[in-house]
Amino acid sequence: MPNLPVLVIGGGPAGLEAARGVADLGYKAVLVEKESVLGGRPILESYAALTPDMRNTEEAMNEMIGRISNNEAVDIRTGATVTAVEGEAPNFKVTLQNGSGAETLDVSSVIVSTGFQHFDPGRETQMYGYYEFDDVITLTDAEKMLKAGKFVRPSTGEAPKRVAFIQCVGSRDRQIGNKWCSKVCCGIASKQASEIRHFVPDAKLFIFYIDLRAYGFWEDELYWKAQEENKVNYIRGIVTEINKRGESVVVKGEDTTMGRPMEIPMDMVILSVGMEPSEGTKDMSKLFNLPLESHGYIATTGGALNTVETTVPGVFIAGAAGGPADLEDSVSMAGAAASRACAFIRKSEMAVA
Amino acid sequence: MSHASNGAPTVITPPKVAERIFKRQGNPEKEDYREQLFELEAKGELEVIRVPEPYVEVETKFGRKKKIPLEHTWHHKSCGQCGHIPGYPTSIFWLHRQFGFDYFDPKDQTSCTAWNYYASSTSNPPAQASIAVRNFSQAHVDGYFPFIHCGTSYGHYKETRDQIIHFPKLREQVRRIMDRLNMPFAFPEEIVHYSEWLHVMRDRIAERKVLDLSNVTVSVHPACHYHKLIPEDAIYNDDIYNGQRTSVVTGIAQALGAKVADYSNWHDCCGFGFSHILVNRDFSRSFAAIRKIERMKEEANPDLVLAHDTGCLTTLDKSQFATRAHNRKVGIPVMSDVQFAALAMGAHPYKVCQLHWHGVDNKPLLEKMGIDHEKAWAEFEEQAEKIKSGETQFMTWEEADA
Ligand SMILES: Cc1cc2nc3c(=O)[nH]c(=O)nc-3n(C[C@H](O)[C@H](O)[C@H](O)COP(=O)(O)OP(=O)(O)OC[C@H]3O[C@@H](n4cnc5c(N)ncnc54)[C@H](O)[C@@H]3O)c2cc1C
Ligand code: SF4
């Protein structure tokens with residue numbers, strides 16, 4: 001029985017950690033990433049610093065990439081994806097497609113780590129004016145500016161005086177069908193507001209939220225810091241619409257603490273867009289016949305007690321392909337998926353022997 | 001942090017609106033009421049009135065295709081329009097006639113009674129639903145497709161559709177009433193508002209316009225009943241507000257070459273407020289004048305407000321009359337999209353569009369549109385005189401066009 005490699009699909013934080021885990025456990029991995037670079041959303045969307053420890057994203061991701069790129073046990077295929085699969089574990093035959101053609105590979109098991117995509121803020125909620133006003137941007141647009149080291153108002157190129165974040169855009173919204181909390185956006189908004197404070201010290205900063213979800217250490221490391229050290233105003237009350245008045249973008253909604261409607265002119269609005277399963281995640285679920293859980297992410301079999309195993313033997317998932325996840329979740333899941341995949345191969349080796 | 005070679009931070013600005021590409025992603029988790037109606041039909045519970053050919057398919061908020069019939073329509077009129085703004089339904093008919101479309105103007109339609117229900121919750125679901133179904137069934141019997149003039153009826157009938165689909169007991173009650181009336185239980189495949197027809201006709205109307213409207217600025221007030229109540233039925237176009245707001249009204253104004261000016265209270269109610277106009281009239285009046293009209297004046301300074309619902313039109317127009325007494329900065333003429341379209345195609349401002357019923361002085365606007373209102377008024381008076389003297393009983397379409 002040849003020791004066939006584990007196929008890891010998706011080279012984001014989860015895929016990178018899964019490939020490393022497999023290699024560290026003494027098995028081989030093939031890491032397939034459809035983009036030309038590794039690093040997933042944090043690199044593709046140019047995140048500035050990572051929560052909660054504010055590490056430089058590029059540096060942190062390069063460290064993860066470094067651990068596998070000089071590792072003989074990991075075969076990295078960028079600009080490629082999986083287009084067909086035959087057979088079953090531990091003898092899958094998969095077709096990889098890249099720019100120059102197709103190739104067939106024999107693999108023993110699979111870790112799907114194809115991640116998430118950001119909610120498109122123009123879709124059903126449709127009252128936030130992302131496609132109407134230059135000064136309405138998303139968290140990822142803001143990350144790019146923060147990374148570049150200058151935070152300006154898109155319409156004028158000048159420092160904004162008033163900036164608002166709108167939480168839960170595309171998340172926790174039964175009306176549009178996204179009935180989940182995206183877990184990270186409260187933290188990211190708090191982080192970004194704190195960073196903006198450094199670039200524009202005299203700006204007024206607001207975060208409009210339903211309820212603020214900064215679980216675990218994020219409460220102390222992000223939320224209280226933003227509030228106490230960086231003077232970010234948290235206003236409970238979800239915004240219903242954004243419109244334009246003169247040069248300002250006007251945020252309208254209800255202040256639910258004060259119990260009254262509000263209408264506040266801003267220079268800039270940042271939409272805290274949530275997570276949805278990525279196209280790659282949906283494609284791989286079809287290809288490998290993996291059932292989706294009720295929200296559209298790939299389902300696992302054991303709920304809280306088994307976060308990585310799918311109904312197809314030998315196929316595991318890691319990271320945001322399985323549901324909204326921060327880096328800690330994604331990387332921890334990847335470690336679990338790597339160990340389960342290796343255990344799976346080992347058991348099949350023993351069964352043959 | 002990245003820096004340019006001279007040490008200064010690189011300035012990155014997010015993509016400008018023109019570079020942001022919006023793609024509709026399809027239906028959220030929502031039931032498809034057409035499928036449900038067809039299922040009920042298959043079970044023999046009701047008859048679905050098909051949208052007649054020729055129809056145009058347009059995209060709704062969530063990307064489904066809605067069929068808008070061009071002709072063979074049964075005109076469900078509005079009590080408010082006919083009472084307060086008679087030039088409104090007349091303009092709808094006038095346009096149909098200009099295109100030679102087959103339509104039916106029923107004499108036995110009842111009011112939808114939605115005002116009654118919004119204001120006082122009198123009546124009850126079976127009575128409300130039966131009124132809707134009776135009107136629809138009459139259209140079906142007459143061989144036409146129901147075509148709703150009023151935004152209130154349109155919104156209310158969509159709510160009724162939900163109830164009819166979801167409550168078997170209600171269907172049973174309506175069925176008993178329909179049986180006693182000896183009529184079928186019919187329900188249309190789509191509930192269509194006249195402004196949707198106007199929207200799909202906009203290019204054809206624009207081709208036949210006789211006025212230059214390029215120096216006319218309009219601000220649009222969309223009806224809550226149209227785009228907020230059961231929002232999945234409302235029409236959206238990717239090239240109007242980038243697909244972010246409903247495209248009816250704005251679409252026709254743009255097609256006719258008028259300038260559409262935006263203002264920050266676009267989404268706000270006109271002040272009518274479902275029930276406020278009936279139970280809290282002062283609130284309605286001040287909301288209409290201060291929140292809507294004054295804002296438009298300050299921010300957009302339009303020559304005209306275009307609306308597409310009876311309640312909105314009446315509230316926006318007549319409230320200005322009341323608030324003028326308090327020296328407020330009001331005074332913008334209000335009319336419906338269809339009156340504007342008819343004027344653009346050469347309809348008579350008084351004989352067809354009946355602008356003399358409107359509360360705000362619209363003469364400066366008519367001058368800007370290139371309409372000789374003095375001559376038009378003299379023509380209208382001449383007609384009125386004939387009726388007064390008993391020479392004729394009413395004005396015919398031929399006389400209206402003369
Ligand atoms: C604005 C924003 C900021 C964030 N900042 C932080 C933060 O500071 N700290 C934090 O803990 N979390 C943060 N997160 C969450 C973080 O981005 C995710 O936890 C993490 O990216 C999930 O990693 P992943 O590998 O599962 O998925 P992804 O990062 O989505 O990576 C998936 C990879 O799979 C690839 N792929 C997809 N389909 C295919 C396919 N068919 N074939 C091959 N490859 C494919 C993709 O190209 C991508 O490279 C942030 C999220 C948002 C929305
Ligand atoms: S993390 Fe915060 S902003 Fe994001 S969905 Fe949850 S509650 Fe909303």
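Since this is a predicted model, take the numbers as computed values, not measurements.

## So, the UniProt feature "domain: FAD/NAD(P)-binding" (unreviewed entry) in chain A
- Cross-referencing UniProt, the feature "domain: FAD/NAD(P)-binding" (unreviewed entry) maps to residues 6–145 and 221–320 of chain A in the present numbering.
- In residues 221–320 of chain A, the share of helix is 18% and the share of strand is 39%. The end C-alpha atoms are 23 Å apart.

## Let's talk about unusual backbone geometry
- Note the cis peptide between T51 of chain A and P52 of chain A, where omega equals -10 degrees.
- Residue position: P52 of chain A is located in the loop between β3 (49–50) and β4 (55–56).
- Note the cis peptide between A89 of chain A and P90 of chain A, where omega equals 5 degrees.
- When you line up the elements, P90 of chain A lands in the loop between β6 (80–86) and β7 (92–98).
- For K183 of chain A, which is not glycine, the phi dihedral falls at a positive 70 degrees.
- Tracing the sequence through the fold places K183 of chain A in the loop between β12 (162–169) and α5 (185–199).
- Under the relative-accessibility criterion, K183 of chain A is labelled partly exposed at 33%.
- Notably, N182 of chain B is not glycine yet its phi reads approximately 60 degrees, a positive angle.

## A short note on helix α5 (residues 125–142) of chain B
Residues and elements named next belong to chain B.
- Under the 1.5 Å per step criterion, the end-to-end length of α5 is 26 Å for 18 residues, consistent within 8% with the ideal 26 Å.
- Taken together, the buried positions of α5 are occupied by P126, Q128, A129, S130, A132, V133, R134, N135, F136, S137, Q138 and A139.
- Of the residues trailing α5, G143 is marked for its positive phi of about 85 degrees.

## Observations concerning the site of ligand 2
Residue and element names in this part refer to chain A.
- Around ligand 2 lies a shell formed by Q167, C168, S171, R172, C181, S182, K183, V184, C185, C186, D211 and R213.
- Every element with two or more residues in the shell around ligand 2 is listed here: β12 and α5.
- Within the shell around ligand 2, the residues separate by chemical class into 5 nonpolar, 3 polar and 4 charged.

## What about the site of ligand 1?
Residues and elements named next belong to chain A.
- Surrounding ligand 1, one finds 38 residues, the nearest of these being E33, T51, T81, A325 and L327.
- Within the contact set of ligand 1, a nitrogen atom lies 3.1 Å away from a backbone nitrogen or oxygen of K34.
- Taking 1000 Å² as the accessible area of ligand 1 by itself, protein coverage stands at 99%.
- At 4 residues, helix α2 (residues 40–44) tops the list of elements feeding residues into the shell around ligand 1.
- Class assignment for the residues of the shell around ligand 1 results in 19 nonpolar, 14 polar and 5 charged.

## Observations regarding the pattern of salt bridges
- In total, this model carries 51 salt bridges over all chains according to the counting rule given.
- The salt bridge involving D268 of chain B is made with K252 of chain A; its shortest N-O contact spans 2.8 Å. Taken as a pair, D268 of chain B in the loop between β9 (259–260) and α12 (276–279) and K252 of chain A in strand β16 (residues 248–255) lie in two separate chains rather than in one. In this structure, D268 of chain B and K252 of chain A share a single accessibility class: buried.
- For R175 of chain B, the salt bridge identified is with D179 of chain B, shortest N-O distance 3.1 Å. Here the residue R175 of chain B and the residue D179 of chain B both occupy positions in helix α7 (residues 168–181), the gap between them amounting to 4 residues, near one helical turn.
- Judged by its relative accessible area of 45%, D179 of chain B is partly exposed.

## Focus: the environment of V279 of chain B
All names here are of chain B.
- Following the sequence through the fold, V279 ends up in helix α12.
- For V279, a relative accessible area of 57% translates into the label exposed.
- Along the chain, V279 and A119 lie 160 residues apart, while their C-alpha atoms are 6.9 Å from each other.

## Focus: the sheet that holds strand β14 (residues 232–236) of chain A
All names here are of chain A.
- Spatial strand order, β11-β18-β12-β13-β14: 5 strands in an open sheet with parallel pairing. At either margin of the open sheet sits one strand with a lone partner, and together these are β11 (136–138) and β14. This sheet shows a mean twist of 25 degrees between the axes of neighbouring strands, independent of strand direction.
- The sheet contact formed by strand β13 (residues 204–209) and β14 spans 5 bridges and is parallel. In the sheet register, F206 faces β14, and the bridge partner there is N233.
- Along the sheet, helix α4 (residues 139–148) makes contact with β11, β12 and β18 (268–273), crossing β11 at roughly 85 degrees.

## A look at the domain arrangement of chain B
All names here are of chain B.
- We note that the domain assignment places domain 1 (58–193) and domain 2 (210–379) within chain B.
- For domain 1 versus domain 2, the distance between C-alpha centres works out to 24 Å.
- Listed by partner, the interface residues are 38 residues for domain 1 and 34 residues for domain 2.
- Buried surface at the junction of domain 1 and domain 2, both sides included, amounts to about 3200 Å², of which 67% is carbon and sulfur.
- The tally of links between domain 1 and domain 2 comes to 3 salt bridges.
- Of the charged contacts in the structure, one is a salt bridge between D233 and R64, with a shortest N-O distance of 3.2 Å.
- Our count for the contact surface shared by domain 1 and domain 2 stands at 14 residue pairs in polar contact (both at pLDDT 80 or more).
- Residues belonging to the side of domain 1 that touches domain 2 are distributed by class as follows: 15 nonpolar, 15 polar and 8 charged.

How each quantity is defined
Residues numbered from 1 in each chain as written. Chains lettered and ligands numbered in written order. Predicted model: local features only at pLDDT ≥ 70, side-chain atom pairs only at ≥ 80, totals over all residues. Heavy atoms only, no water. UniProt positions renumbered as here; feature names shortened; annotations may be inferred. Helix = DSSP H or I, 4+ residues; strand = E, 2+ residues; numbered from the N terminus. Buried < 20%, exposed > 50% of the residue type's maximum accessible area, 1.4 Å probe, protein only. Expected span 1.5 Å × (residues − 1). Near = heavy atom within 4 Å. Nonpolar A, V, L, I, M, F, W, Y, C, P; charged D, E, K, R; others polar. Polar contact = N/O pair within 3.5 Å; in protein donor to acceptor, adjacent residues only side chain to side chain. Areas by Shrake-Rupley, 256 points an atom, 1.4 Å probe, with all protein chains shown as cover. Salt bridge = Lys/Arg side-chain N within 4 Å of Asp/Glu carboxyl O. Pairing = 2+ DSSP bridges. Axes fitted to C-alpha atoms, helices over the stretch in contact; angles between N-to-C directions. Contact = heavy atoms within 4.5 Å. Domains from an automatic or database assignment. Buried area = accessible area lost by both parts, 1.4 Å probe.

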